[in-house]
Amino acid sequence: MKEYAENWRNDFAIPKPKTEEDIQKEKEMLAELGIPTFKYHPNPLNTGAFEISKEGVTCDCCGKTTEIYYEAPFYAVEDIDYLCPACIASGKAAEKFDGSFQDDYSVDDGVEDAEKLDELIHHTPGYCGWQQEYWRAHCGDYCAYLGRVGAMELQTLDVMDEVLDDPMWDDEQKEMIQESVNGGHLQCYLFQCLHCGKHLVWMDFD
Ligand SMILES: [Zn+2]
Ligand SMILES: [Zn+2]
């Protein structure tokens, strides 16, 4: 099953545009691996927020052995080695260690509902940026994080125009997005609005 998971991860990596069937298949695969549905981070295995350990590791929160463990930032006073997906989804990890997965100041404005912020910072796996990770929002809600991209991936997904149509970026920054290379000095992070489907990026430098 693990090998299948690895293959699956490559098969579904960005920039392949996803069909409804792909998304359904992905959900089933994640459920089979014990990864709950994260509204704001739909494929945390694909984005590298979770890693697979064939031997299994011990979750610092529930003490259970888990083959899937969290690899992205967790802001807490205590040093936490491993967290299982269930302890993130339930909010137990955030509660137990008084931590969060996303800095609550590094998010877009325009989301009025405090429950949505709680869902994002206490129940959702974060992502690894070069610098401070920032979460985009649209249509009054936080967006789904889809993964790392560069200009080529944005072109392949046919979302470059959407991404550039964003008051967040000035002309110089728009040029930088158009010249970005995935894994390069300027990294773009792709988000999608859960309501209107618009794609947005965040970017930072190494
Ligand atoms: Zn756990
Ligand atoms: Zn929207």
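Higher on the page you've got the structure.
Residues numbered from 1 in each chain as written. Chains lettered and ligands numbered in written order. Predicted model: local features only at pLDDT ≥ 70, side-chain atom pairs only at ≥ 80, totals over all residues. Heavy atoms only, no water.

**Student:** Hey, could you run me through the sheet that holds strand β5 (residues 144–149) in this one?
**Tutor:** Within a sheet, each strand pairs with its neighbour through backbone hydrogen bonds, oriented either parallel or antiparallel. On the basis of which strands lie adjacent, the open sheet formed by 3 strands has the order β5-β6-β7 and antiparallel pairing. With partners counted over all chains shown, the strands left at the sheet margins are β5 and β7 (199–205), one partner each. Averaged over all adjacent pairs, the angle separating strand axes in this sheet is 25 degrees, with direction ignored. As defined by bridge partners, β5 adjoins strand β6 (residues 186–192) across 5 bridges and the pair is classed as antiparallel. By the bridge assignment, Tyr 145 is partnered in β6 with Phe 191. The sheet contacts of helix α8 (residues 171–179) involve β6 and β7, and relative to β7 the element is tilted by about 90 degrees. (Pairing = 2+ DSSP bridges. Helix = DSSP H or I, 4+ residues; strand = E, 2+ residues; numbered from the N terminus. Axes fitted to C-alpha atoms, helices over the stretch in contact; angles between N-to-C directions. Contact = heavy atoms within 4.5 Å.)

**Student:** Would you mind showing me how to read the packing of aromatic side chains here?
**Tutor:** The relation between two aromatic rings is expressed through the spacing of the ring centres and the mutual angle of the planes. Tallied over the full model, the rule gives 16 aromatic pairs. Pairing Tyr 40 with Tyr 142 gives two aromatic rings, centres 5.9 Å apart and planes at 90 degrees, and the pair type is edge-to-face. Placement of Tyr 40 in the loop between α2 (20–32) and β1 (50–58) and of Tyr 142 in strand β4 (residues 141–142) is noted, with a sequence separation of 102 residues between them. Taken individually, Tyr 40 and Tyr 142 each receive the classification buried, so the pair is uniform in this respect. (Phe/Tyr/Trp six-rings, centres within 6.5 Å; stacked < 30°, edge-to-face > 60°. Buried < 20%, exposed > 50% of the residue type's maximum accessible area, 1.4 Å probe, protein only.)

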